[in-house]
Amino acid sequence: MTVLQTSDQQQKAAVGRKSVTESEWFFMMEGIFNTINHTMIGVVCIYTSWLCWKNGFDKLYTWHVFLTLIGYHLLMAQGIILLYSGNGWTQKLSHSHKRTVHWLIEIVGCSCCVVGIALEIYFRQSTNRRHFSSTHSIVGLTSLVFLVLTLVNGLMALFATELRKRIRPIYSKLSHYLTGTVCYVLGMVAIVLAYEKKIYHQNTITEGITMMTVFTIAVTVLSMVGVTKTVYNQLRTLAK
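Please read all numbers here as calculations on a predicted model, not as lab measurements.

Undergrad: Can you help me understand the overall build of the protein in this one?
TA: Along the protein, the regular secondary structure elements total eight helices and zero strands. Along the protein, from the amino end to the carboxyl end, the secondary structure elements read α-α-α-α-α-α-α-α. Put simply, the protein has 240 residues, and 38% of those count as buried. The long-range fraction of contacts in the protein, counting pairs at least 24 apart against all pairs at least 6 apart in sequence, stands at 76%. Summed over its atoms, the accessible surface of the protein is roughly 14300 Å², and 67% of this surface lies on carbon and sulfur atoms. One way to put it: in the protein the 21 positive side-chain charges average out to a point 9 Å from where the 10 negative ones average out.

Printed below as a string of structure tokens:
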């Protein structure tokens with residue numbers, strides 16, 4: 001009897017050690033990919049800022065490129081990533097603090113996008129050029145529409161507790177996650193399409209454009225990991 005109990009205890013201990021090891025590997029890989037993601041965000045933003053400087057900040061189009069890149073590729077991405085449990089620099093923040101930082105970053109990011117797009121519209125209007133005549137501009141406009149929707153249902157999610165008598169908190173939060181995801185992904189797609197514009201081809205080499213394209217796609221995918229997990233869990237909750 002004692003031998004059987006000892007054997008069972010050894011098996012449970014072995015399973016426990018295996019579980020701990022797998023958990024450690026998961027957190028380690030999570031940290032590695034998170035670091036890679038932040039690095040790629042930084043590389044693209046610094047590289048494009050340098051290209052904008054070469055192109056000249058005295059041009060309105062340069063500001064369009066710079067502000068929309070900072071808005072989507074840097075600030076929106078960081079605003080999304082910071083809510084992920086695997087994000088390094090926000091792991092010690094409480095949920096309420098994360099939510100506050102998220103709102104602050106996203107407001108600044110959205111402002112950059114709106115101003116950047118507005119400058120491009122003004123530039124085209126003042127030079128009698130066609131509006132929204134390319135895939136890049138149409139995708140960017142669609143992202144702007146979802147940006148407005150995201151801000152609206154973001155306010156609903158922020159005051160979900162106060163509005164729970166009219167709408168379940170899970171619905172307002174889920175709608176915010178979904179429209180925010182569409183807004184961000186479309187914005188990043190618009191940035192990828194923008195890499196074919198003259199400002200890039202005139203100021204850098206083909207390999208630089210390829211690098212930014214690959215990095216931007218990778219950043220989009222990695223930044224969506226936490227949101228995808230949250231949406232999946234919320235859909236499972238609704239299905240119960």
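Undergrad: Please clarify how the UniProt feature "transmembrane region" (unreviewed entry) in the protein should be interpreted in this entry.
TA: Per the UniProt record, "transmembrane region" (unreviewed entry) is found at residues 32-53, 60-83, 103-123, 135-157, 177-196 and 208-227. Across residues 103-123, helical content stands at 100% and strand content at 0%; the span's end C-alpha atoms are separated by 30 Å. Helix makes up 100% of residues 135-157 and strand 0%, whereas the separation of the span's terminal C-alpha atoms amounts to 32 Å.

Undergrad: Help me understand unusual backbone geometry in this model?
TA: Phi is positive for asparagine 128, close to 55°, though the residue is something other than glycine. With respect to the helices, strands and loops of the structure, asparagine 128 is situated in the loop between α3 (95-126) and α4 (135-158). One non-glycine residue, phenylalanine 132, lies in the positive phi region at around 50°. Judged by its relative accessible area of 33%, phenylalanine 132 falls in the partly exposed class.

Undergrad: Explanation requested: a nonpolar patch on the surface in the structure shown.
TA: Together, Trp25, Met28, Met29, Ile32, Phe33 and Ile36 make up an exposed nonpolar region whose accessible area comes to about 560 Å². With respect to the helices and strands, the residue isoleucine 32 is situated in helix α1 (residues 2-55).

Undergrad: Would you take a moment to explain the packing of helix α5 (residues 169-194) against helix α8 (residues 225-239) for this structure?
TA: A pair of packed helices can be characterised by two numbers: the angle between their axes and the separation between those axes. Packing of α5 against α8 brings their axes to within 10 Å, and their N-to-C directions diverge by 145°. Seen along the crossing, α5 lies across α8 with a hand that is left-handed. Packed against α5, whose contacting residues are Ile170, Tyr171, Lys173, Leu174, Tyr177, Leu178 and Thr181, the element α8 presents Val227, Thr230, Val231, Gln234, Leu235, Thr237 and Leu238 at the interface. Grouping the amino acids of the contact of α5 with α8 by side-chain chemistry returns nine nonpolar, four polar and one charged.

Undergrad: Would you explain the packing of aromatic side chains in this entry?
TA: Working definition: an aromatic ring pair is given by the centre-to-centre distance plus the angle between the planes. Within the structure shown, the criterion is met by five aromatic pairs. With a centroid separation of 5.9 Å and 85° between ring planes, the pair formed by tryptophan 63 and phenylalanine 66 is classed as edge-to-face. Here the residue tryptophan 63 and the residue phenylalanine 66 both occupy positions in helix α2 (residues 60-81), the gap between them amounting to three residues, near one helical turn. Judged by its relative accessible area of 33%, tryptophan 63 falls in the partly exposed class. Ring geometry for tyrosine 195 versus tyrosine 200: centroids 5.1 Å apart, planes at 90°, classification edge-to-face. Each member of the pair, tyrosine 195 together with tyrosine 200, is buried. Grouping aromatic residues by their ring pairs yields a cluster made of Phe57, Trp63 and Phe66.

Parameters at a glance
- Residues numbered from 1 in each chain as written.
- Predicted model: local features only at pLDDT ≥ 70, side-chain atom pairs only at ≥ 80, totals over all residues.
- Heavy atoms only, no water.
- Helix = DSSP H or I, 4+ residues; strand = E, 2+ residues; numbered from the N terminus.
- Buried < 20%, exposed > 50% of the residue type's maximum accessible area, 1.4 Å probe, protein only.
- Contact = heavy atoms within 4.5 Å.
- Areas by Shrake-Rupley, 256 points an atom, 1.4 Å probe, with all protein chains shown as cover.
- Lys, Arg positive; Asp, Glu negative; His and termini not counted.
- Charge placed at Lys NZ, Arg CZ, Asp CG, Glu CD.
- UniProt positions renumbered as here; feature names shortened; annotations may be inferred.
- Patch = residues over 30% accessible without salt bridge, like charges linked within 9 Å, V, L, I, M, F, W, Y side chains within 5 Å.
- Salt bridge = Lys/Arg side-chain N within 4 Å of Asp/Glu carboxyl O.
- Axes fitted to C-alpha atoms, helices over the stretch in contact; angles between N-to-C directions.
- Left-handed = near helix turned anticlockwise from the far one by under 90°.
- Nonpolar A, V, L, I, M, F, W, Y, C, P; charged D, E, K, R; others polar.
- Phe/Tyr/Trp six-rings, centres within 6.5 Å; stacked < 30°, edge-to-face > 60°.

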